[in-house]
Amino acid sequence: MIGNSFARLTGSKRNLLALMASSAVFTAGCANMATTASNPTPLGHAATLSGKIHGGNQPVIGATVNLYFSGLKGSTTPAVLAATTTTDPAGSFAFSKDATNGDPNTGNTFSCPLGFDPLVYVISTGGNTQNNGDSTQTNTAAAFISVYGNCLELTAANHVDMTEVTTVATMAAVQQFFNPVPASGIKNSIIFDGTGQQSNIVTQLPATIALLADPSAGTAVTSTTIAASGSNVDPSVSVTATPEPGKVNLLANILSACINGPNNATPACTTLFTSATPPNTAYTANFTTASFPQAIDTLQAIYYLLSNPTSGGSGNIGTIFGLAGGVSGPYQPALATQPTDWTIAISYASTNTCGSASGSFINSPIDINIDSADNVWIDNVQATGGGNLSEISGAGVPLTCVLQGTGSSLGGATVDNLGNVWTGSGTSLYRYSNGNTLAFPATVTPIGVTADGLGNIYFTAVNGGVGSLYQIPGGASATAAIAPIQISNTVGPNPVRLMPDYQKNGSNVTIQGNIFVTSGTTSVAEVSPSALPTAPGYLNGFVTSTIPTSGNSYGISLGPQNNLYVSAVDSGAITALTLSGGNYVPLGSFPFTTPGTIGIATPTSIAVDGRLNVWIPNNATGNTSVSELGSTNGAALGLSPSTGFQKDASYLTGGRALAVDQAGNVWVAGDGINFVTEIVGAGVPIFQPYSLGLQKGRFQTIP
C-alpha cells in the first residue's frame, strides 16, 4: 500500500484511489514495467486527461501547458509538441485524447502516433501565480513538469497535480534524459531514442516518481510498502521504500520562493538563477552540449540543482537554502538544516524471510548488480540461515528470492551475458535463472565472481594464503555443471574484485580477453590468455602479470577503452591506468591522492557511469556517504563535497558495493543492514549488464 504523504499547508488532498489508477504508480503485479502495449490497429480510446497547477498555496492562472511526445523511434526530432492549452481560474487544465491513433493534433486534442507508444509529459510555463485577479500579470520564470505515462495506456483516470513537489520528484527521476537547452526548437525537453533498452528504462520512470511524490495530490510521499510479484518470490515478502521527503519539500519551497513572485525579476528568482550553478557537461550531462546557460526558469534551476548537487560550493548551497523560508515554506515538514548537497535518496528495506528459507529478503547485502531490464540483484551474506539472492525491480517491487546453498557468499555476484545471475556460497558457485538453480562445485570457497562477453565465468578464491583465479568455460550456456579450471595462482592474498576487458580480432569478432583482479596489495593482477606453456606464470592457457597501483587495491572498474580504475582501501587513492606501449601507465592527472577533498574514506567496490565518473562507496566506520570523481579526458575532478554525498544512517551505512543503472540511479549496498539505497538519477546512465555490453561492444557506454 502507499504510505502517508506530506500535505501542503492549504488545499485538499485528492482521493488516493486516483493515484493508484494513475500510470505513474505501479501495483504489486507490475513485475516488469518495461513492457508496453502494442499498436496493431489505429483504433485507440478517447480520454480526457486532467490536471491542475499550484505554486505553493496558490493556483497558477493562465499558464501555458504543453503536452509532448518523447521517444518516437527513428524520428530525427527528440521531442514533439502534441497539444497545448491554458489553465483556468482554478489552475486546472485538460487535454482530449482522440480515439483514433494517427489523427492530426489540434489545440488541446492529441492522438497517439501510429506505430509508436511515446512517453507523454506536460510542461507549464508562466501564468499569474499570486491569485490576485490580474490577467496581465505573468511570471515567466514559473515552470512545472509532470509525466502522464505512455500514450497508448492513458485513460481518463490519468490526473496530475503539478506542484513544486511533483516537479522536484519528476526532475529527480528524469534528469538524465532532460535537456534544458533548445532541441529542434523545444526548450526543456525529455529526450530518449525510443529504441532498445533505453526505451524500456524510460517507461519505468513514472514508478520512481511515485515513490517520491503523489502525482495526483501534489505532495511528498513518506514511504511506500511494495508487495511481491511473480512466482519466484514468496507472496508474503514486501519492501518498504522510504525517500527523503524533507529534502523534497525543501527543494519545493526553494522553487516556490521564485514561483510565488509576480514576475521573473522577483529577487528570489534572481538569487536562485545566479546560485544554481549549471553542471560541467563533460562530466554530468547525457547530451553532447558544450555548456549550459544560466537558468531562466524554475525547471532549469531544479535540473541544475540535481545534476550539479554541490551547486559550485557550500556558499551557493547556503544562499539557495536561505530561499526556502524555514517553517513558513508551503511544504512541510521540510529539512531544517542546510544540506551538503541536493541529491535525493530512497532506501528499500525488508525484514521478511523468503518463505521456507530462514534467510531474509535483504540482510547484510555484499554485492549489487543490474540486469538488462534494470532490475536490481542483491547478494546477501546473512550469517543465520545463509544468504539469499534477491531481486527487486528498479522501483522496488520484490521479484525473486532464492537461497543459494547453505554457506554465506564471501564477496560477490554477477549477471552473465545470457541474463543468468551467479553467486558463490560455501564451496560452490550457483547459476540462477527464472526459478532454476544449477550448482557448480568449486572445491574452494569463491570470493569474487564475474562474467565476460563470451559466456565464460570467473571467480577468485584463497587457499592456504594463496589467491587464485578460476574459469568456468561456457558456464553461461552450460546444460550441466562444469568443473572450474584454475588459471592463476598468483593474484594476491585478497582478490576481492575482478573484471574482464574487451578484446576482438582483425575480423571484429570478440575473443578471449584479459581478467583484472584486485590483490589487496599495491598492485592489480592481469591474467591473460597465452599459448606459451614456457612463459613465466603460465597455468592452463593463461599467464599472470602485475600492474602497480597507488595503495592496496580493493575495487576495480574498466572504461570502454579498457582503462583501469582502482580504489585503494588503505590510502583512499584512486588509480586510473591506460595501456601505452604494451604497459599500463597513469591516465592523465591520475592517481587521485587527495581523497579527503571529496569524502573518500576506506573505499571498497567502485563503479563508473556513462561519462566515466567513478562512484565510490565509503566503508569507514560510521560513514554514511558515497563519493564521486570525474575522469573525463583523463582529468581527475572531484564532483562530491568533502563530506561525500552524505545521507542519514537509515539510508547509508558502511557502503560495500555500488552499481549505476541505465537510468543513472546509483545503487549502494552496505554492511550488516536490511536495506539497499538508490540515489535517484545522480549518475549518467550506463549499459547493463557489463557482460552483455562486452558481447555487444557497448560496455561502459550510455545505453
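These numbers were taken from a predicted model, which means no experiment stands behind them.

**Student:** Mind laying out the overall build of the protein, listing which residues take part and the relevant values?
**Tutor:** Within the protein, the regular secondary structure consists of 10 helices and 46 strands. Over its C-alpha atoms the protein spans a radius of gyration of 25 Å, differing by no more than 12% from the 27 Å that the globule rule assigns to 703 residues. Expressed as lengths along the three principal axes of its C-alpha atoms, the size of the protein is roughly 85 × 55 × 50 Å. Among the 703 residues that make up the protein, the fraction classed as buried is 62%. Sequence separation of 24 or more characterises 62% of the internal contacts of the protein that already satisfy a separation of 6 or more. Positive and negative charge centroids in the protein, built from 16 and 30 side chains respectively, lie 3 Å apart.

**Student:** Break down the environment of L438 for me, with residues and values.
**Tutor:** Tracing the sequence through the fold places L438 in strand β24 (residues 436-441). Along the backbone, L438 and Q404 are 34 residues apart, and their C-alpha atoms lie at a distance of 9.6 Å. If near-sequence neighbours (up to four positions away) are discounted, L438 is found in contact with L429, Y430, R431, A478, T479, A480 and A481.

**Student:** An account of the side chain of S390 is needed here, citing residue identities and associated values.
**Tutor:** As for its position among the elements, S390 is in strand β19 (residues 388-392). You can call S390 buried: its relative accessible area is 0%. A distance of 2.5 Å separates a polar side-chain atom of S390 from the backbone oxygen of F361. If near-sequence neighbours (up to four positions away) are discounted, S390 is found in contact with F361, V376, W377, I378, N380, T400 and C401.

**Student:** Please give an account of the state of the cysteines that cites residues and values.
**Tutor:** Evaluated as defined, the whole model comprises 3 disulfides. Each sulfur of the disulfide joining C258 and C269 lies 2.0 Å from the other. What sets the handedness of the C258 and C269 disulfide is the S-S torsion sign, and at about 95° it is right-handed. A residue pair is termed long-range when its members are at least 10 positions apart, and C258 in helix α5 (residues 245-259) and C269 in helix α6 (residues 267-275) qualify at 11 residues. Neither residue differs from the other here; C258 and C269 are each classed as buried.

**Student:** Please set out the packing of aromatic side chains residue by residue, giving values where relevant.
**Tutor:** In this structure the tally under the stated criterion is 16 aromatic pairs. With centroids separated by 6.1 Å and ring planes inclined at 25°, the aromatic side chains of F292 and Y304 adopt a geometry described as stacked. With a gap of 12 residues between them, F292 in the loop between α7 (281-284) and α8 (298-307) and Y304 in helix α8 connect regions that are remote in the sequence. Of the two residues, F292 and Y304, neither departs from the other in class, the shared state being buried.

**Student:** Which residues make up unusual backbone geometry, and what values do they have?
**Tutor:** Across the junction of Q332 and P333, the peptide omega takes the value -5°, indicating a cis bond. Topologically, P333 is positioned in the loop between α9 (314-321) and β16 (345-349). The linkage connecting F590 with the following residue, P591, adopts the cis geometry, with an omega of 5°. With respect to the secondary-structure elements, P591 resides in the loop between β38 (583-586) and β39 (607-608). If you check the backbone angles, T602 has positive phi at about 55° while not being a glycine. Note on placement: T602 falls in the loop between β38 and β39. T602 gets classed as partly exposed once you look at its relative accessible area, which sits at 31%. For L612, which is not glycine, the phi dihedral falls at a positive 60°. By relative accessible area, which is 14% here, L612 ends up buried.

**Student:** Go over the sheet that holds strand β44 (residues 655-660), please, and point to the residues and values.
**Tutor:** With respect to topology, 6 strands assemble into an open sheet ordered β14-β15-β16-β46-β45-β44, the strand pairing being antiparallel. Lying at the two open borders of the sheet, with one neighbouring strand each, are β14 (224-227) and β44. Sheet twist, expressed as the mean angle between neighbouring strand axes with direction ignored, is 25°. Here 3 bridges tie strand β15 (residues 238-242) to β16, and the two strands are oriented antiparallel to one another. Across the sheet, the residue bridging to T240 is A349, located in β16. Each of β14, β15, β16 and β46 (675-679) touches helix α4 (residues 205-212); the most contacted strand, β16, lies at about 90° to it.

**Student:** So what about the nonpolar core? Which residues, and what values?
**Tutor:** Soluble globular proteins tend to pack their nonpolar side chains together in the buried interior. Counting residues in hydrophobic clusters, the biggest one holds 113 residues, and the most contacted among them are L67 and F110. In terms of residues, this core owes the most to one element, α5, which gives 8 residues. Among residues more than four places away in sequence, those in contact with L67 are L49, V80, L81, A82, A83, F95, F110, V120, Y121, V122 and Y148. Within the second largest apolar cluster, 25 residues are counted, among which are Y565, F592, V614 and V666.

**Student:** Account for the pattern of salt bridges, with residues named and values stated.
**Tutor:** Side-chain pairing between opposite charges can occur once the charged atoms of the two side chains come close. Inspection of every chain in the model, using the stated rule, returns 5 salt bridges. We note a salt bridge from K52 to D161, for which the minimum N-O separation is 3.8 Å. Here K52 is found in strand β1 (residues 47-55), whereas its partner D161 is found in strand β9 (residues 159-162), with 109 residues between them in sequence. Classification of D161 by relative accessible area gives buried; the value is 0%.

**Student:** Before we move on, can you summarise α6 with the specific residues and values?
**Tutor:** Here α6 has its buried residues at A268, C269, L272, F273 and S275. Contacts from the buried residues of α6 go to α5, α8 and α9.

**Student:** Now, about the packing of α6 against α9: what can you tell me, with residues and values included?
**Tutor:** Orientation of α6 relative to α9, taken along the N-to-C sense of each, is 155°, at an axis distance of 9 Å. Classified by the angle between their axes, α6 and α9 sit roughly antiparallel to one another. Considering the relative orientation of α6 and α9, their crossing is left-handed. Contacts between α6 and α9 involve T271, L272 and S275 from the first element and N316, T319 and I320 from the second. Its residues placed into classes, the contact of α6 with α9 shows 2 nonpolar, 4 polar and no charged.

Thresholds applied
Residues numbered from 1 in each chain as written. Predicted model: local features only at pLDDT ≥ 70, side-chain atom pairs only at ≥ 80, totals over all residues. Heavy atoms only, no water. Helix = DSSP H or I, 4+ residues; strand = E, 2+ residues; numbered from the N terminus. Rg over C-alpha atoms; globule rule 2.2 N^0.38 Å. Buried < 20%, exposed > 50% of the residue type's maximum accessible area, 1.4 Å probe, protein only. Contact = heavy atoms within 4.5 Å. Lys, Arg positive; Asp, Glu negative; His and termini not counted. Charge placed at Lys NZ, Arg CZ, Asp CG, Glu CD. Polar contact = N/O pair within 3.5 Å; in protein donor to acceptor, adjacent residues only side chain to side chain. Disulfide = S-S within 2.5 Å. Phe/Tyr/Trp six-rings, centres within 6.5 Å; stacked < 30°, edge-to-face > 60°. Pairing = 2+ DSSP bridges. Axes fitted to C-alpha atoms, helices over the stretch in contact; angles between N-to-C directions. Core = buried A, V, L, I, M, F, W, Y, C linked by side-chain atoms within 4.5 Å. Salt bridge = Lys/Arg side-chain N within 4 Å of Asp/Glu carboxyl O. Parallel < 35°, antiparallel > 145°, perpendicular 65-115°, else oblique. Left-handed = near helix turned anticlockwise from the far one by under 90°. Nonpolar A, V, L, I, M, F, W, Y, C, P; charged D, E, K, R; others polar.

The quantities given are spatial measurements derived from coordinates; they are silent on function.
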